[in-house]
Protein chains: 2
Amino acid sequence: MTDTDSSSLPERKRGSGVKMVYDLLRDEILDLKLAPGSPIDEVQLAERFKMSRTPIREALVRLAGEGLIETLPNRSTMVSNIDFLNLHTFFDALVLMYRVTTRLAAQAHRPEDLAVIRGFHEDYAAALEARDALKMIATNAAFHAAIAEAGRNPYFTSLFRRLLDEGRRILQLYYQSYDEQFPRRFVDEHAAIIAAIAARDIEEADRLGKAHAEAIVAQVQKLFSRNDRLDITL
Amino acid sequence: MTDTDSSSLPERKRGSGVKMVYDLLRDEILDLKLAPGSPIDEVQLAERFKMSRTPIREALVRLAGEGLIETLPNRSTMVSNIDFLNLHTFFDALVLMYRVTTRLAAQAHRPEDLAVIRGFHEDYAAALEARDALKMIATNAAFHAAIAEAGRNPYFTSLFRRLLDEGRRILQLYYQSYDEQFPRRFVDEHAAIIAAIAARDIEEADRLGKAHAEAIVAQVQKLFSRNDRLDITL
DNA sequence: TGTATTTTATTTGTCGACAAGAAAAATACA
DNA sequence: TGTATTTTTCTTGTCGACAAATAAAATACA
């Protein structure tokens, strides 16, 4: 029985319950606090948040819409599994969105966007200094999401956000293996990307975004392919 | 009071209500039977489908998740407006997804995919012969969605589906202006795309997909830019 | 002991009702 | 007549309860 209620305040604003449950569950899923495949119980959540099942259910429907949980009709609902077999489709989409969003940001950004981007850049650097993997992963996603926002294409932004979310779960596995070995390199690459965007150098931004994405993908792929081999030989 | 219930059968399977409402509302929105901006009343829908508000609400939450309706907290919910001011972002995303999905289809398709694609291709040609604009638009979307499915990248497929949906509404406006002038050209282009995919000619598929997308975009943009001018001069 | 069938238990999907919030209407006041 | 305030109406958000569907447990039977 988890005791995570918000300081015994039974008063809650009318529409806020759904968002609260949604946000919290989403973070718990992306931080792997809720393991892929683990069941989600509506009544348990209802008790935990001290509300009826109706708003809980609405939050779950939303999460299902984004693919973060899966619902078997009339049966259980559980945290979505990571589809390791088709990781390449994920990487394909991720690299393309890295490129497109960085490119558009160089083209369409406004001065105030740069401030936001630089803010997350510093948060990321701070998280790296503090060796806080969880925070690194989250701020990295926020950094690239901010770049996408500056590109001002909501279709790309929403797909990219979804990919970055999924990436948070995968990166977590990655850092759990290479524990405490945080590459300083990504900070420098982020800085270079910011510079290209600020200079409105579209081609350079594209190139850097692509290189950055492929570097990350290559590292993660190296890990998983090694794991695959281990799995087979065992 | 609309009388669209399904032949006075009060018996309905347990989980089917939500999907029925979702599918029907979705089609009505995309076919512009429900105009952008028009209000959506939960109780009215509940009466119409003879069910409680709970499953109606779930369907609405899903539609809102896909951006087809918008919900103002504690107030009304309405069909999403078409954002004419930012149509270029839509076109950018559409063209890129046309390219990527056609390219991937040429690369990853299996024989059985081609049968499905050819099926929709014929449906489209038949709809053009019958001068059935609504059916043309729907089968065109289905045709390209089938190509995306053959590419087997769920991230691209889902974004492309969303774009094709939105495109159904825009194309409808397009054909309402150029009424009954259906270009035969698109059928031929579709045939060429199928041939390139079947031949696994990735670069050619990419090229054709791009050209096809840009042709459509150019035509639609011509219409809207003309309308813009009219709006200003009036 | 192993399999088929019934019973129980658990969880989801649906319902009707009620209360909160906001808009519209009605009233008061200058 | 025009503006501010109250009242009413209408829609949404939430609740507790019940029924259907499935899984698990228990029983029957060979």
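Keep in mind the model is a prediction, meaning the values are calculated, not measured. (Residues numbered from 1 in each chain as written. Chains lettered and ligands numbered in written order. Predicted model: local features only at pLDDT ≥ 70, side-chain atom pairs only at ≥ 80, totals over all residues. Heavy atoms only, no water.)

**Q** Sorry if this is basic, but what is going on with the protein's contact with DNA strand D here?
**A** Not every one of the 19 residues close to DNA strand D is listed here, only the nearest: Arg 14, Ser 52 and Arg 75 of chain A together with Arg 57 and Arg 75 of chain B. Restricting attention to atoms of DNA strand D within 4 Å of the protein, one finds that 67% of them are sugar or phosphate atoms. A distance of 2.6 Å separates a phosphate oxygen of DNA strand D from a polar backbone atom of Ser 52 of chain A. The side chain of Arg 75 of chain A places a nitrogen or oxygen atom 2.7 Å from a phosphate oxygen of DNA strand D. Element by element, the count of residues in the surface near DNA strand D is highest for helix H3 (residues 53-65) of chain A, at three residues. Its residues placed into classes, the surface near DNA strand D shows four nonpolar, six polar and nine charged. (Near = heavy atom within 4 Å. Polar contact = N/O pair within 3.5 Å; in protein donor to acceptor, adjacent residues only side chain to side chain. Helix = DSSP H or I, 4+ residues; strand = E, 2+ residues; numbered from the N terminus. Nonpolar A, V, L, I, M, F, W, Y, C, P; charged D, E, K, R; others polar.)

**Q** Mind showing me how you'd approach the relation of the copies chain B and chain A here?
**A** Comparison of the two chain copies shows a relationship of rotation about an axis with a shift along it. Once chain B is rotated about the relating axis by 180° and shifted along it by 0.0 Å, it coincides with chain A to within an RMSD of 0.0 Å. These values place the two chain copies in the arrangement generated by a two-fold rotation axis. When the interface residues of chain B are mapped onto chain A, 100% of them again fall at the interface, so both copies present the same face. (Least-squares fit on C-alpha atoms with pLDDT ≥ 70 in both. Contact = heavy atoms within 4.5 Å.)

**Q** Would you take a moment to explain helix H2 (residues 42-49) of chain B for this structure?
**A** Three- or four-residue spacings in an α-helix give side chains the same orientation, since the helix completes a turn every 3.6 residues. All names here are of chain B. Of all the residues in H2, the buried ones are Glu 42, Leu 45, Ala 46, Arg 48 and Phe 49. Taken end-on, H2 shows its buried residues confined to a sector of 165°, consistent with a single buried face. Opposite its buried face, H2 presents the exposed residues Gln 44 and Glu 47, each directed more than 90 degrees away. Those residues of H2 that are buried are in contact with helix H1 (16-30), strand E1 (39-40) and helix H3 (53-65). Two or three places before Val 43, at the opening of H2, Asp 41 has a side-chain oxygen 3.2 Å from that residue's backbone nitrogen. Positive backbone phi, at 55°, marks Lys 50, one or two positions downstream of H2. (Buried < 20%, exposed > 50% of the residue type's maximum accessible area, 1.4 Å probe, protein only. Arc of directions from axis to C-beta.)

**Q** Which parts of the structure should I look at to understand helix H4 (residues 87-108) of chain A?
**A** If you check H4 of chain A, its first and last C-alpha atoms are 31 Å apart, about what 22 residues at 1.5 Å a residue would give, namely 32 Å. In terms of burial, H4 of chain A is a largely internal element, 16 of the 22 residues being buried. (Expected span 1.5 Å × (residues − 1).)

**Q** In this structure, what is going on with the sheet that holds E1 of chain B? I would like to understand it.
**A** In any sheet, the strands associate via hydrogen bonds between backbone groups, in a parallel or an antiparallel arrangement. Residue and element names in this part refer to chain B. Pairing is antiparallel across the open sheet formed by three strands, whose spatial order is E1-E3-E2. Only two strands of the sheet have a single partner each, and these edge strands are E1 and strand E2 (69-71). Relative to strand E3 (residues 77-79), E1 runs antiparallel, the two being bridged by two bridges. Bridge assignment links Ile 40 to a residue of E3, and that residue is Thr 77. (Pairing = 2+ DSSP bridges.)

**Q** What is the right way to read the nonpolar core from this model?
**A** Across soluble globular proteins, nonpolar side chains show a tendency to be buried alongside one another. In terms of nonpolar packing, the biggest core is built from 76 residues, with Met 97 of chain A together with Met 97 of chain B touching the most fellow members. Beyond its immediate stretch of four places on either side in the chain, Met 97 of chain B contacts Leu 96 and Met 97 of chain A together with Phe 156, Leu 159, Phe 160 and Leu 163 of chain B. Counting 19 residues, the second largest nonpolar core, distinct from the first, contains Leu 25, Leu 30, Leu 34 and Ile 40 of chain B. (Core = buried A, V, L, I, M, F, W, Y, C linked by side-chain atoms within 4.5 Å.)

**Q** How should the packing of H2 of chain B against H3 of chain B be read in this particular structure?
**A** Each pair of packed helices gets described by two things: the angle between the helix axes and the distance between those axes. Residues and elements named next belong to chain B. The contact between H2 and H3 brings their axes to 9 Å, and the two run at 115°. You can see that H2 and H3 cross each other, and the crossing is right-handed. The segment H2 lies against H3, with Glu 42, Val 43, Leu 45, Ala 46 and Phe 49 engaging Arg 53, Ile 56, Arg 57 and Leu 60. (Axes fitted to C-alpha atoms, helices over the stretch in contact; angles between N-to-C directions. Left-handed = near helix turned anticlockwise from the far one by under 90°.)

**Q** Sorry if this is basic, but what is going on with the interface of chain B and chain A here?
**A** It is common to report an interface's size as the accessible area lost on association of the parts. Taken together, the contact pairs 23 residues of chain B with 23 residues of chain A. Of the roughly 1900 Å² buried where chain B meets chain A, counting both sides, 65% is carbon and sulfur surface. Sorting the residues of chain B by area buried against chain A places Val 61, Thr 89 and Tyr 155 of chain B first, and these three jointly supply 30% of that buried surface. The interface formed by chain B and chain A includes two salt bridges. Linking Glu 58 of chain B and Arg 57 of chain A is a salt bridge whose minimum nitrogen-to-oxygen distance equals 3.5 Å. (Buried area = accessible area lost by both parts, 1.4 Å probe. Salt bridge = Lys/Arg side-chain N within 4 Å of Asp/Glu carboxyl O.)

**Q** Explain the protein's contact with DNA strand C to me, please; I cannot follow it from the model alone.
**A** The environment of DNA strand C is formed by 19 residues, the closest being Arg 57 and Arg 75 of chain A together with Arg 14, Ser 52 and Arg 75 of chain B. Restricting the count to atoms of DNA strand C within 4 Å of the protein gives a sugar and phosphate share of 67%. Side-chain polar atom of Arg 14 of chain A to a sugar or linking oxygen of DNA strand C: 3.3 Å apart, as the coordinates give it. The separation between a phosphate oxygen of DNA strand C and a polar main-chain atom of Ser 52 of chain B is 2.6 Å. Taken together, the elements giving at least two residues each to the surface near DNA strand C come down to H3 of chain A together with H3 of chain B. The element best represented in the surface near DNA strand C is H3 of chain B, accounting for three residues. Residue composition of the surface near DNA strand C, by class: four nonpolar, six polar and nine charged.

**Q** Any chance you could explain the sheet that holds strand E1 (residues 39-40) of chain A here in plain terms?
**A** With respect to topology, three strands assemble into an open sheet ordered E1-E3-E2 (chain A), the strand pairing being antiparallel. Across the chains shown, the open sheet's two edge strands, defined by having one partner strand only, are E1 and strand E2 (69-71) of chain A.

**Q** Help me out: how do you make sense of the pattern of salt bridges in this one?
**A** Here the idea is simple: oppositely charged side chains can pair when their charged atoms come close. Residue and element names in this part refer to chain A. Following the criterion strictly, the structure yields 39 salt bridges over all chains and no others. Between Glu 203 and Arg 103 there is a salt bridge whose closest N-O contact spans 3.0 Å. Residue Glu 203 is found in helix H9 (residues 202-233), and its partner Arg 103 is found in helix H4; the two are separated by 100 residues along the sequence. The exposure class assigned to Glu 203 is exposed, which follows from its relative accessible area of 52%.

**Q** In this structure, what is going on with the side chain of Arg 168 of chain B? I would like to understand it.
**A** Counting through the fold element by element, Arg 168 of chain B comes out in helix H7 (residues 154-177). With sequence-adjacent residues up to four places away left out, Arg 168 of chain B is seen in contact with Asp 27, Leu 30, Asp 31, Ile 137, Ala 138 and Ala 141 of chain B.

**Q** Teacher, can you tell me more about the packing of aromatic side chains here?
**A** Between two aromatic rings, the relevant description is the distance of the centres plus the angle of the planes. Enumeration according to the criterion identifies six aromatic pairs over all chains in this entry. Seen in terms of ring centroids, Tyr 155 of chain A and Phe 90 of chain B are 5.9 Å apart; in terms of plane orientation they differ by 65°. Their pairing is edge-to-face. Here Tyr 155 of chain A, found in helix H7 (residues 154-177), pairs with Phe 90 of chain B, found in helix H4 (residues 87-108), and the two come from separate chains. The pair Tyr 155 of chain A / Phe 90 of chain B is uniform in exposure class, with both members buried. (Phe/Tyr/Trp six-rings, centres within 6.5 Å; stacked < 30°, edge-to-face > 60°.)

Bear in mind that shape data such as this cannot, by itself, settle questions of function.
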